[in-house]
Amino acid sequence: KLGRLQQMVLVAARHSLAAGGLPALPPERTCITIGTGLGCLNETALFVENMLLNEERAPLPTRFTNSVHNACASNLAIEFGLKGLNSTPTHREISFEAGLWQSAMEISGGRADFALAGGADELNSYVLAAGARWGWWDATTPALRLFAGGLHKNQRPLPGEGAAMFVLADANKASNSLAQVAAIRLGRFTMLPGGGIDAKAEAAWICETLERNGLSLAEMDVVLCGANGWQSLDRMYLDVADHLAALAGRTIPCGAYKHGCGEYYGASAFGLLTAVGLVRGEIPFVHCHPTAAEPRPPRNVLLYTLSPGGCRAMCCVCA
(Lines give C-alpha, C1' and ligand atoms only; values in the text may rest on other atoms or scores of the structure.)
Protein backbone atom coordinates (compact mmCIF):
# COMPACT_ATOMS: atom_id res chain seq x y z
CA LYS A 1 0.00 0.00 0.00
CA LEU A 2 3.01 2.31 0.01
CA GLY A 3 3.19 5.00 -2.66
CA ARG A 4 6.09 5.02 -5.08
CA LEU A 5 8.01 7.83 -3.37
CA GLN A 6 7.57 6.07 -0.02
CA GLN A 7 9.06 2.91 -1.53
CA MET A 8 12.01 4.86 -2.95
CA VAL A 9 12.79 6.45 0.42
CA LEU A 10 12.41 3.17 2.32
CA VAL A 11 14.79 1.33 -0.01
CA ALA A 12 17.32 4.17 0.22
CA ALA A 13 17.13 4.16 4.03
CA ARG A 14 17.66 0.41 4.19
CA HIS A 15 20.74 0.71 1.96
CA SER A 16 22.15 3.49 4.13
CA LEU A 17 21.67 1.55 7.34
CA ALA A 18 23.33 -1.51 5.79
CA ALA A 19 26.28 0.55 4.51
CA GLY A 20 26.79 2.07 7.93
CA GLY A 21 26.77 -1.28 9.67
CA LEU A 22 23.82 -0.20 11.83
CA PRO A 23 21.09 -2.86 11.81
CA ALA A 24 19.15 -0.93 14.44
CA LEU A 25 19.06 2.63 15.74
CA PRO A 26 18.15 3.71 19.31
CA PRO A 27 14.46 4.66 18.98
CA GLU A 28 14.38 7.57 21.44
CA ARG A 29 17.67 9.05 20.21
CA THR A 30 17.14 8.98 16.43
CA CYS A 31 15.38 11.66 14.39
CA ILE A 32 14.17 11.68 10.77
CA THR A 33 14.24 14.64 8.37
CA ILE A 34 13.40 14.26 4.69
CA GLY A 35 13.40 17.29 2.40
CA THR A 36 11.06 17.17 -0.57
CA GLY A 37 9.84 19.80 -2.98
CA LEU A 38 6.63 18.15 -4.20
CA GLY A 39 6.11 15.24 -1.81
CA CYS A 40 4.04 12.24 -2.87
CA LEU A 41 2.66 14.03 -5.92
CA ASN A 42 1.46 10.88 -7.66
CA GLU A 43 -0.62 9.79 -4.66
CA THR A 44 -2.04 13.30 -4.25
CA ALA A 45 -3.07 13.42 -7.90
CA LEU A 46 -4.70 10.00 -7.79
CA PHE A 47 -6.70 10.97 -4.72
CA VAL A 48 -7.86 14.27 -6.20
CA GLU A 49 -8.66 12.79 -9.62
CA ASN A 50 -10.78 10.07 -8.04
CA MET A 51 -12.66 12.69 -6.01
CA LEU A 52 -13.43 14.68 -9.15
CA LEU A 53 -14.40 11.73 -11.34
CA ASN A 54 -16.68 10.23 -8.66
CA GLU A 55 -18.00 13.59 -7.42
CA GLU A 56 -16.63 12.85 -3.92
CA ARG A 57 -18.77 9.72 -3.53
CA ALA A 58 -15.94 7.21 -3.07
CA PRO A 59 -12.73 8.75 -1.69
CA LEU A 60 -9.65 6.54 -1.45
CA PRO A 61 -8.42 6.52 2.18
CA THR A 62 -5.05 4.90 1.42
CA ARG A 63 -4.32 7.42 -1.32
CA PHE A 64 -5.10 10.25 1.09
CA THR A 65 -2.83 9.03 3.89
CA ASN A 66 -0.02 8.51 1.37
CA SER A 67 -0.51 11.91 -0.25
CA VAL A 68 0.70 14.14 2.57
CA HIS A 69 4.29 15.37 2.41
CA ASN A 70 5.36 13.69 5.65
CA ALA A 71 4.15 10.24 4.54
CA CYS A 72 7.72 9.17 3.72
CA ALA A 73 9.25 10.24 7.04
CA SER A 74 6.33 8.79 9.00
CA ASN A 75 6.65 5.47 7.20
CA LEU A 76 10.34 5.29 8.16
CA ALA A 77 9.46 5.97 11.78
CA ILE A 78 6.98 3.09 11.72
CA GLU A 79 9.32 0.76 9.81
CA PHE A 80 12.30 1.27 12.15
CA GLY A 81 10.42 2.16 15.36
CA LEU A 82 12.04 5.61 15.66
CA LYS A 83 10.55 8.14 18.08
CA GLY A 84 12.73 11.26 17.73
CA LEU A 85 11.93 14.40 15.75
CA ASN A 86 10.05 13.55 12.55
CA SER A 87 10.16 16.38 10.03
CA THR A 88 9.57 17.01 6.32
CA PRO A 89 10.85 20.45 5.28
CA THR A 90 9.75 21.74 1.87
CA HIS A 91 11.78 24.60 0.41
CA ARG A 92 12.20 24.04 -3.32
CA GLU A 93 15.83 23.36 -4.33
CA ILE A 94 17.19 23.60 -0.77
CA SER A 95 14.62 21.24 0.77
CA PHE A 96 17.29 18.60 1.42
CA GLU A 97 19.68 21.03 3.10
CA ALA A 98 16.83 22.26 5.31
CA GLY A 99 16.35 18.69 6.52
CA LEU A 100 20.09 18.14 6.85
CA TRP A 101 20.35 21.29 8.98
CA GLN A 102 17.48 20.14 11.20
CA SER A 103 19.13 16.77 11.82
CA ALA A 104 22.48 18.40 12.54
CA MET A 105 20.83 20.75 15.05
CA GLU A 106 19.13 17.83 16.80
CA ILE A 107 22.47 16.04 17.17
CA SER A 108 24.55 19.09 18.14
CA GLY A 109 21.84 20.17 20.59
CA GLY A 110 22.03 16.83 22.40
CA ARG A 111 18.48 15.79 21.53
CA ALA A 112 19.60 12.94 19.26
CA ASP A 113 22.61 10.72 18.70
CA PHE A 114 21.61 9.57 15.21
CA ALA A 115 19.50 10.86 12.34
CA LEU A 116 18.09 9.63 9.07
CA ALA A 117 18.36 12.62 6.75
CA GLY A 118 17.56 12.66 3.07
CA GLY A 119 15.95 14.25 0.06
CA ALA A 120 13.44 12.76 -2.37
CA ASP A 121 11.16 13.70 -5.25
CA GLU A 122 9.58 11.62 -7.98
CA LEU A 123 9.18 12.08 -11.74
CA ASN A 124 5.78 11.46 -13.25
CA SER A 125 3.42 12.76 -15.93
CA TYR A 126 2.34 15.69 -13.76
CA VAL A 127 5.90 16.95 -13.28
CA LEU A 128 6.62 16.56 -17.00
CA ALA A 129 3.48 18.44 -17.98
CA ALA A 130 4.05 21.25 -15.47
CA GLY A 131 7.71 21.55 -16.43
CA ALA A 132 6.87 21.89 -20.11
CA ARG A 133 4.17 24.48 -19.41
CA TRP A 134 6.35 26.56 -17.10
CA GLY A 135 9.47 26.35 -19.25
CA TRP A 136 11.56 24.09 -17.02
CA TRP A 137 12.59 22.03 -20.06
CA ASP A 138 12.54 23.07 -23.66
CA ALA A 139 12.59 20.52 -26.47
CA THR A 140 14.37 22.93 -28.83
CA THR A 141 17.63 22.81 -26.84
CA PRO A 142 19.77 19.74 -26.11
CA ALA A 143 19.34 17.91 -22.82
CA LEU A 144 21.96 18.22 -20.11
CA ARG A 145 25.12 16.22 -20.81
CA LEU A 146 28.57 15.89 -19.27
CA PHE A 147 30.17 19.27 -18.82
CA ALA A 148 33.31 18.88 -20.91
CA GLY A 149 32.21 21.89 -22.96
CA GLY A 150 31.47 24.13 -19.99
CA LEU A 151 28.24 25.15 -18.32
CA HIS A 152 27.77 28.24 -20.46
CA LYS A 153 26.48 26.14 -23.35
CA ASN A 154 22.77 26.48 -24.09
CA GLN A 155 21.50 23.24 -22.57
CA ARG A 156 18.16 22.43 -20.98
CA PRO A 157 17.56 20.75 -17.62
CA LEU A 158 16.98 17.03 -17.84
CA PRO A 159 13.93 15.87 -15.80
CA GLY A 160 14.93 13.46 -13.05
CA GLU A 161 14.00 11.89 -9.75
CA GLY A 162 15.64 10.21 -6.81
CA ALA A 163 15.77 9.39 -3.13
CA ALA A 164 19.00 9.59 -1.15
CA MET A 165 19.17 8.87 2.57
CA PHE A 166 22.06 9.33 4.99
CA VAL A 167 22.69 8.10 8.51
CA LEU A 168 24.12 10.99 10.52
CA ALA A 169 25.75 10.40 13.88
CA ASP A 170 27.36 12.29 16.68
CA ALA A 171 31.12 12.13 16.14
CA ASN A 172 31.51 10.24 19.42
CA LYS A 173 28.88 7.68 18.43
CA ALA A 174 30.04 6.96 14.87
CA SER A 175 31.96 3.71 14.58
CA ASN A 176 32.09 3.47 10.78
CA SER A 177 32.13 7.02 9.43
CA LEU A 178 32.23 7.53 5.67
CA ALA A 179 32.80 11.30 5.83
CA GLN A 180 32.28 14.35 8.02
CA VAL A 181 29.59 16.90 7.21
CA ALA A 182 30.14 20.41 8.55
CA ALA A 183 29.35 24.08 7.96
CA ILE A 184 25.66 23.60 7.12
CA ARG A 185 23.98 26.94 6.52
CA LEU A 186 20.85 28.27 4.78
CA GLY A 187 19.99 31.80 3.71
CA ARG A 188 18.86 34.15 0.96
CA PHE A 189 21.06 35.62 -1.75
CA THR A 190 21.08 39.11 -3.24
CA MET A 191 20.15 39.70 -6.87
CA LEU A 192 21.84 42.52 -8.79
CA PRO A 193 19.58 45.27 -10.23
CA GLY A 194 20.27 44.14 -13.81
CA GLY A 195 19.86 40.46 -13.00
CA GLY A 196 22.33 37.85 -11.86
CA ILE A 197 23.76 37.22 -8.42
CA ASP A 198 25.99 39.39 -6.23
CA ALA A 199 28.83 36.87 -6.50
CA LYS A 200 31.17 38.91 -4.30
CA ALA A 201 28.65 38.87 -1.44
CA GLU A 202 28.06 35.15 -1.96
CA ALA A 203 31.76 34.36 -1.80
CA ALA A 204 32.05 36.39 1.42
CA TRP A 205 29.07 34.51 2.91
CA ILE A 206 30.66 31.17 2.08
CA CYS A 207 34.05 32.17 3.54
CA GLU A 208 32.43 33.49 6.72
CA THR A 209 30.51 30.23 7.16
CA LEU A 210 33.62 28.13 6.68
CA GLU A 211 35.62 30.19 9.18
CA ARG A 212 32.79 30.05 11.70
CA ASN A 213 33.07 26.26 11.57
CA GLY A 214 36.86 26.08 11.86
CA LEU A 215 37.45 25.63 8.12
CA SER A 216 38.95 27.85 5.45
CA LEU A 217 38.60 28.42 1.74
CA ALA A 218 42.22 27.32 1.31
CA GLU A 219 41.17 23.80 2.33
CA MET A 220 38.41 23.50 -0.26
CA ASP A 221 39.37 21.32 -3.23
CA VAL A 222 36.10 21.38 -5.17
CA VAL A 223 32.94 23.48 -5.36
CA LEU A 224 30.09 21.08 -6.21
CA CYS A 225 27.07 23.01 -7.47
CA GLY A 226 23.50 22.41 -8.64
CA ALA A 227 24.04 23.58 -12.23
CA ASN A 228 21.34 22.08 -14.41
CA GLY A 229 21.73 23.46 -17.92
CA TRP A 230 19.56 26.55 -17.36
CA GLN A 231 21.91 29.26 -18.58
CA SER A 232 21.05 32.06 -16.14
CA LEU A 233 21.35 29.80 -13.08
CA ASP A 234 24.55 28.16 -14.30
CA ARG A 235 26.09 31.59 -14.86
CA MET A 236 25.39 32.44 -11.21
CA TYR A 237 27.26 29.35 -10.06
CA LEU A 238 30.26 30.10 -12.26
CA ASP A 239 30.40 33.74 -11.14
CA VAL A 240 30.50 32.66 -7.49
CA ALA A 241 33.14 30.02 -8.26
CA ASP A 242 35.27 32.68 -9.99
CA HIS A 243 35.07 34.96 -6.92
CA LEU A 244 35.99 32.09 -4.61
CA ALA A 245 38.99 31.29 -6.81
CA ALA A 246 40.08 34.94 -6.69
CA LEU A 247 39.86 34.97 -2.89
CA ALA A 248 41.78 31.69 -2.66
CA GLY A 249 44.44 32.88 -5.11
CA ARG A 250 44.13 29.66 -7.10
CA THR A 251 41.74 27.79 -9.34
CA ILE A 252 39.06 25.87 -7.46
CA PRO A 253 37.37 23.40 -9.83
CA CYS A 254 33.60 23.83 -10.03
CA GLY A 255 31.80 20.54 -10.45
CA ALA A 256 28.20 19.52 -11.06
CA TYR A 257 26.15 16.38 -10.51
CA LYS A 258 22.75 16.76 -12.19
CA HIS A 259 23.94 15.07 -15.37
CA GLY A 260 23.83 11.94 -13.17
CA CYS A 261 20.41 12.35 -11.56
CA GLY A 262 18.49 14.97 -13.52
CA GLU A 263 16.66 18.04 -12.25
CA TYR A 264 14.31 17.71 -9.29
CA TYR A 265 13.84 19.67 -6.07
CA GLY A 266 15.55 17.14 -3.80
CA ALA A 267 18.54 16.60 -6.11
CA SER A 268 21.08 18.18 -3.74
CA ALA A 269 20.83 14.98 -1.66
CA PHE A 270 22.36 13.25 -4.68
CA GLY A 271 24.90 16.06 -4.62
CA LEU A 272 25.89 15.14 -1.07
CA LEU A 273 26.20 11.51 -2.13
CA THR A 274 28.50 12.66 -4.94
CA ALA A 275 30.57 14.74 -2.50
CA VAL A 276 31.02 11.75 -0.18
CA GLY A 277 32.11 9.63 -3.14
CA LEU A 278 34.63 12.30 -4.18
CA VAL A 279 36.34 12.65 -0.80
CA ARG A 280 36.49 8.85 -0.47
CA GLY A 281 38.01 8.48 -3.94
CA GLU A 282 35.18 6.16 -4.99
CA ILE A 283 33.89 8.10 -8.02
CA PRO A 284 35.68 10.03 -10.77
CA PHE A 285 35.46 13.78 -10.77
CA VAL A 286 34.00 15.54 -13.80
CA HIS A 287 34.77 19.24 -13.54
CA CYS A 288 32.95 21.76 -15.65
CA HIS A 289 34.94 24.93 -15.08
CA PRO A 290 37.93 25.42 -17.43
CA THR A 291 41.20 25.04 -15.57
CA ALA A 292 44.80 24.80 -16.70
CA ALA A 293 45.82 22.55 -13.84
CA GLU A 294 44.56 19.10 -12.94
CA PRO A 295 42.34 19.21 -9.84
CA ARG A 296 44.01 17.74 -6.80
CA PRO A 297 42.39 14.67 -5.21
CA PRO A 298 39.53 16.18 -3.23
CA ARG A 299 39.65 15.92 0.54
CA ASN A 300 37.16 18.73 1.19
CA VAL A 301 34.15 19.42 -1.04
CA LEU A 302 31.92 22.49 -0.77
CA LEU A 303 28.33 21.62 -1.74
CA TYR A 304 26.59 24.82 -2.85
CA THR A 305 22.93 25.09 -3.89
CA LEU A 306 20.97 28.04 -5.27
CA SER A 307 17.21 28.22 -5.73
CA PRO A 308 15.90 30.58 -8.43
CA GLY A 309 13.41 31.78 -5.80
CA GLY A 310 16.29 33.51 -3.98
CA CYS A 311 17.41 30.92 -1.43
CA ARG A 312 20.82 29.34 -0.93
CA ALA A 313 22.40 26.54 1.04
CA MET A 314 25.88 25.18 1.63
CA CYS A 315 27.67 22.49 3.53
CA CYS A 316 31.16 21.05 3.56
CA VAL A 317 31.99 17.35 3.19
CA CYS A 318 35.40 16.36 4.57
CA ALA A 319 37.29 13.09 4.26
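Residues numbered from 1 in each chain as written. Predicted model: local features only at pLDDT ≥ 70, side-chain atom pairs only at ≥ 80, totals over all residues. Heavy atoms only, no water.

Chemist: Honestly, the nonpolar core in this entry has me stumped. Any pointers?
Modeler: Generally speaking, a soluble globular protein has its nonpolar side chains buried in company with each other. Counting 32 residues, the largest nonpolar core has Ile197, Ile206, Leu210, Leu244, Tyr304, Leu306 and Met314 as its most contacted members. Breaking this core down by element, the ones donating at least two residues are strand 5 (180–188), helix 7 (199–212), strand 6 (222–225), helix 8 (231–248), strand 7 (254–256), strand 8 (300–307) and strand 9 (311–318). Here the element with the most residues in this core is helix 8; it accounts for seven residues. (Core = buried A, V, L, I, M, F, W, Y, C linked by side-chain atoms within 4.5 Å. Buried < 20%, exposed > 50% of the residue type's maximum accessible area, 1.4 Å probe, protein only. Helix = DSSP H or I, 4+ residues; strand = E, 2+ residues; numbered from the N terminus.)

Chemist: Whenever I open this one, the pairing of strand 9 confuses me. Can you help?
Modeler: As a general feature of sheets, a regular strand has side chains that alternate between the two faces. Within strand 9, eight of the eight residues are buried, leaving the element largely enclosed by the surrounding structure. Burial along strand 9 is two-sided: Cys311, Ala313, Cys315 and Val317 facing one way and Arg312, Met314, Cys316 and Cys318 facing the other are all buried. The sheet contact formed by strand 5 and strand 9 spans seven bridges and is antiparallel. Counted as the bridge partner of Val181 is Val317 from strand 9. Alignment of strand 8 against strand 9, held across eight bridges, turns out to be antiparallel. Looking at strand 9, one finds that Ser307 is bridged to Cys311. Between strand 8 and the antiparallel strand that follows it, strand 9, lie three residues; Gly310 among them carries a positive phi value of about 110°. (Pairing = 2+ DSSP bridges.)

Chemist: Can you help me understand the packing of aromatic side chains in this one?
Modeler: Aromatic ring pairs are described here by two measures, namely the spacing of the ring centres and the angle between the planes. Throughout the structure, instances matching the rule amount to five aromatic pairs. A ring pair is formed by Trp134 and Trp136, whose centres lie 5.4 Å apart and whose planes are at 65°; its orientation type is edge-to-face. Of the residues examined, Trp134 reaches a relative accessible area of 57% and is grouped as exposed. Ring plane angle 80° and centroid distance 5.7 Å describe the contact between Trp136 and Trp137, whose orientation is recorded as edge-to-face. A network of ring pairs unites the aromatic residues Trp134, Trp136, Trp137 and Tyr265 as a single cluster. The positively charged end of Arg312 is found above the aromatic ring belonging to Trp205, 3.8 Å away from the centroid. (Phe/Tyr/Trp six-rings, centres within 6.5 Å; stacked < 30°, edge-to-face > 60°. Lys NZ or Arg CZ within 6 Å of the ring centre and 35° of its normal.)

Chemist: I would appreciate a short explanation of the environment of Ala245 in the present structure.
Modeler: The topology assignment puts Ala245 in helix 8. The exposure class assigned to Ala245 is buried, which follows from its relative accessible area of 17%. Along the primary structure Ala245 and Cys311 are separated by 66 residues, whereas in three dimensions their C-alpha atoms are 22 Å apart. Not counting the four nearest positions on each side in its chain, Ala245 is found in contact with Arg250, Thr251 and Ile252. (Contact = heavy atoms within 4.5 Å.)

Chemist: Looking at this model, I keep getting lost on the side chain of Ser268. Mind explaining?
Modeler: With respect to the secondary-structure elements, Ser268 resides in helix 10 (residues 268–279). What makes Ser268 buried here is its relative accessible area of 2%. Beyond its immediate chain neighbours, meaning those up to four positions away, Ser268 contacts Glu93, Phe96, Glu97, Tyr257, Leu303 and Thr305.

Chemist: Just to check I follow, could you spell out the environment of Gly277 for this structure?
Modeler: Residue placement: Gly277 occurs in helix 10. Sequence separation between Gly277 and Ala115 is 162 residues, and the spatial gap between their C-alpha atoms is 20 Å. Ignoring anything within four residues of it in the chain, the contact list for Gly277 reads Glu282 and Ile283.

Chemist: Explain the sheet that holds strand 9 to me, please; I cannot follow it from the model alone.
Modeler: Each strand in a sheet pairs with another by means of backbone hydrogen bonds, the pair being arranged parallel or else antiparallel. Strand order in the open sheet formed by five strands is 5-9-8-6-7, with mixed pairing between adjacent strands. Looking at the sheet topology across the chains shown, the edges are occupied by strand 5 and strand 7. On average, each strand axis in the sheet is tilted by 20° relative to the strand beside it, whichever way the strands run. Taken strand by strand, helix 10 contacts strand 5, strand 6, strand 8 and strand 9, and its axis lies near 165° from that of strand 8. (Axes fitted to C-alpha atoms, helices over the stretch in contact; angles between N-to-C directions.)

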